[in-house]
Amino acid sequence: MAVTYNKIPELINDMRVYREGNDDCIGVAEIQLPKFTSMTQTIDGVGVGGEVDSPIVGHYSSTECTINWRVPTKSGMIMSGGNAVAIEIRGAIQLWDSSLNKYVIEPARFIIRGKAKEYDPGKLKPANTSDSSNTIEVTYYKATINNETVREVDKYAGKDIVDGVDLMADVREALGY
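Now for a look at the structure at hand. (Residues numbered from 1 in each chain as written. Predicted model: local features only at pLDDT ≥ 70, side-chain atom pairs only at ≥ 80, totals over all residues. Heavy atoms only, no water.)

1. So, the packing of aromatic side chains
One pass over the full model with this rule turns up four aromatic pairs. With a centroid separation of 5.4 Å and an interplanar angle of 75°, the aromatic rings of Phe36 and Tyr60 are classed as edge-to-face. Remark: Tyr60 occurs in strand β4 (residues 52–60) and Phe36 occurs in the loop between β2 (28–32) and β3 (38–43); sequence separation between them is 24 residues. According to the relative accessible area criterion, Phe36 is partly exposed, its value standing at 22%. When the ring of Phe36 is compared with that of Tyr141, the centres are 5.3 Å apart and the planes differ by 55°; the resulting orientation is tilted. (Phe/Tyr/Trp six-rings, centres within 6.5 Å; stacked < 30°, edge-to-face > 60°. Helix = DSSP H or I, 4+ residues; strand = E, 2+ residues; numbered from the N terminus. Buried < 20%, exposed > 50% of the residue type's maximum accessible area, 1.4 Å probe, protein only.)

Set out below in structure tokens:
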């Protein structure tokens, strides 16, 4: 078996987007995955040399996902008005494996659930894209790379899993659930 010590991730070769399990999101130009910014509390006082903004484990500021479309679509319009949203993004990550001297593909899967926060139909101009977009308030996120779950956040269930470690397990135990 060849050693895989030098697999260099290069790009997303291709992707598909599924809404509620249906392959009806043809026309997506790109997706901005959610950014997780920890909520913080400023800590100061005896034993602290000044102030420290301490992250609150498992608590995040508003977390958004943006879907950009080439043109207005039915799928984009349905994801509006505060409606519940569930999408799955499947990607093919292209890597160069120098030990095999060839390209290899690894699967990537992102599951996003939340609420439709904003819909922008964009602009209309002949022979152009419209730059339509949706903003989703993310309440659940799961990222799987090469069939391994590396990140899972469920804001309503108090779950925050990083590389198999549930950062909120002790909190849930302390609270009795």
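2. Digging into the side chain of Glu152
Checked against the element boundaries, Glu152 lands in strand β9 (residues 148–154). Non-local contacts of Glu152, meaning those with residues more than four positions away in its chain, are made with Tyr140, Tyr141, Lys142, Lys159, Asp160 and Ile161. (Contact = heavy atoms within 4.5 Å.)

3. Looking at the pairing of strand β10 (residues 159–162)
With four bridges joining them, β9 and β10 adopt antiparallel strand pairing. Pairing of Glu152 across the sheet is with Ile161, part of β10. Hairpin connection between β9 and β10: a loop of four residues separates the two successive antiparallel strands, and Gly158 in this loop has a positive phi of roughly 65°. The sheet contact formed by β10 and strand β11 (residues 165–166) spans two bridges and is antiparallel. Its bridge partner lying in β11, Ile161 is registered against Asp166. With antiparallel pairing between neighbouring strands as the criterion, β10 and β11 make up a hairpin whose turn holds two residues, including Asp163 at a positive phi of roughly 50°. (Pairing = 2+ DSSP bridges.)

4. Brief notes about the environment of Asn101
Here Asn101 lies in the loop between β6 (84–97) and β7 (102–120). Residues Asn101 and Lys7, 94 residues apart in the sequence, show an inter-C-alpha distance of 9.9 Å.

5. So, a nonpolar patch on the surface
Residues Val57, Val162, Val165 and Leu167 make up a contiguous nonpolar surface patch of roughly 310 Å² in combined accessible area. As for its position among the elements, Leu167 is in the loop between β11 and α2 (169–175). Using a relative accessible area of 39% as the deciding quantity, one classes Leu167 as partly exposed. (Patch = residues over 30% accessible without salt bridge, like charges linked within 9 Å, V, L, I, M, F, W, Y side chains within 5 Å. Areas by Shrake-Rupley, 256 points an atom, 1.4 Å probe, with all protein chains shown as cover. Salt bridge = Lys/Arg side-chain N within 4 Å of Asp/Glu carboxyl O.)

From the geometry alone we can't say anything about function, so treat these as descriptive.
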